[in-house]
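Overview (structure and organization)
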Amino acid sequence: MPTKSSVFIATSLDGYIARADGNLDWLDRANANVPPDEDFGYNDFIASVDVLVMGRNTFEKALSFGDWPYGSKPVVVLSRGSVSIPKAIADTVSASSEPPRALVERLAASGAKHLYIDGGLVIQSFLREGLIDEITLTLIPVLLGSGKPLFGNLDQDIELTHVATKAYEVGFVQSKYCVAKRA
């Protein structure tokens, strides 16, 4: 079975994953209304993941949360520059400047079957390379007007097949799509 790459992310209704400065205050406000036992399928998803691949900005944002949210899950931080990895997580976090395809091939060769791709620019680069297999997108009922978009400019259309959509009482709407493979 080939390695599968998945996106599991929330956006504002107008498609932003963060404010221009990276602030997630809008998402924190929305999550304040979520019942404590609701995880929107995240726990099952993350349990299925072998390696998380994220960009440096996403990594630095995750570090700001206090406790490291990924436990002992292996994480690869993609960056063209240097990445400062705290000693407390250095056993599970590594940095790489590999192109997406080379990284996926290396992780697959090491036995990884399911990759979680996170961070706007990283997701965009994996999409451009045809390396994303599925996208789970949770729409948060807020319009930001500007910020960091999840999807950037594309060289060509990327066809998606709808798998499922679920509306939650708190107003979130989550849709899952499979990405059609290019010929």
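Just above sits the structure.
Residues numbered from 1 in each chain as written. Predicted model: local features only at pLDDT ≥ 70, side-chain atom pairs only at ≥ 80, totals over all residues. Heavy atoms only, no water.

Here we look at the side chain of Asp118
What counts here: Helical segments are the DSSP runs of H or I of at least four residues, strand segments are the runs of E of at least two, and each set is numbered from the N terminus. Exposure categories follow from relative accessible area, calculated using a 1.4 Å probe and restricted to protein chains: below 20% of the type maximum is buried, above 50% is exposed, and the middle band is partly exposed. In summary, the charge assignment counts Lys and Arg as positive and Asp and Glu as negative, without counting His or the chain termini. A pair is scored as a salt bridge if a Lys or Arg side-chain nitrogen falls within 4 Å of a carboxyl oxygen belonging to Asp or Glu. It only takes one pair of heavy atoms within 4.5 Å for two residues to be counted as in contact.
Its place among the elements puts Asp118 in strand S6 (residues 114-118). Of the side chains with opposite charge, Lys148 lies nearest to the buried Asp118, which makes no salt bridge, at 12 Å. What Asp118 contacts, discounting residues up to four positions off in sequence, is Ile9, Leu52, Val53, Met54, Gly55, Thr58, Tyr70 and Ile123.

A closer look at the side chain of Thr138
Rules: By the criterion applied in these results, polar contacts are pairs of N or O atoms within 3.5 Å in which, for protein atoms, one can donate a hydrogen and the other can accept it, and in which residues neighboring in sequence qualify only through two side-chain atoms.
Within the secondary structure, Thr138 sits in strand S7 (residues 134-140). Relative accessible area serves as the criterion here: at 6%, Thr138 is assigned to the buried category. Side chain to side chain, Thr138 and Gln174 meet in a polar contact 2.9 Å long.

Let's talk about the environment of Asn57
By the element assignment, Asn57 lies in helix H3 (residues 56-63). Separated by 95 residues in sequence, Asn57 and Gly152 have C-alpha atoms that sit 16 Å apart.

With respect to the packing of aromatic side chains
Just so we agree on the cut-off: Under the pairing criterion, centres of Phe, Tyr and Trp rings, with the six-membered ring standing for Trp, must be within 6.5 Å; the plane angle then separates stacked pairs below 30 degrees from edge-to-face pairs above 60, leaving the rest tilted.
In total, this model carries eight aromatic pairs according to the counting rule given. With centroids separated by 4.6 Å and ring planes inclined at 80°, the aromatic side chains of Phe40 and Tyr168 adopt a geometry described as edge-to-face. Here Phe40, found in the loop between helix H1 (25-31) and helix H2 (42-47), pairs with Tyr168, found in the loop between strand S9 (160-167) and strand S10 (173-179); they are 128 residues apart in sequence, far enough to count as distant. On the basis of relative accessibility, which here comes to 13%, the residue Tyr168 falls in the buried class. On the numbers, 5.6 Å between centres and 70° between planes, the contact of Phe59 with Trp68 is edge-to-face. Judged by relative accessible area, Trp68 falls into the buried class, the value being 16%.

Focus: the pattern of salt bridges
Pairs may arise between side chains of opposite charge once their charged atoms sit close together. Evaluation of the coordinates by the stated rule reveals seven salt bridges. Ionic pairing is found between Arg56 and Glu60, a salt bridge with its closest N-O pair at 3.2 Å. Here the residue Arg56 and the residue Glu60 both occupy positions in helix H3, the gap between them amounting to four residues, near one helical turn. Overall, the relative accessible area of 31% leaves Arg56 in the partly exposed class.

Thoughts on the nonpolar core
Note the threshold: For our purposes a nonpolar core is just a set of buried Ala, Val, Leu, Ile, Met, Phe, Trp, Tyr and Cys residues, chained together by side-chain atoms within 4.5 Å.
The biggest cluster of nonpolar side chains holds 23 residues, and the ones touching the most others in it are Val53, Leu107, Ile117, Phe126 and Ile132. If you list the elements that add at least two residues to this core, you get strand S1 (4-12), strand S3 (51-55), strand S4 (75-78), helix H4 (100-109), S6, helix H5 (120-128) and S7. The leading source of residues in this core is H5, at four residues. Non-local contacts of Ile117, meaning those with residues more than four positions away in its chain, are made with Ser5, Ser6, Val7, Val53, Val122, Ile123, Phe126 and Ile132. Core analysis: the second largest hydrophobic core is formed by 16 residues, Phe8, Val49, Val83 and Tyr116 among them.

Describing the environment of Ala18
Within the secondary structure layout, Ala18 lies in strand S2 (residues 16-18). Residue class for Ala18 comes out buried when judged on its relative accessible area of 7%. The spatial distance from the C-alpha of Ala18 to the C-alpha of Lys148 is 5.3 Å, given a sequence separation of 130 residues. Not counting residues up to four positions away in its chain, the partners in contact with Ala18 are Asn23, Leu24, Trp26, Gly147 and Lys148.

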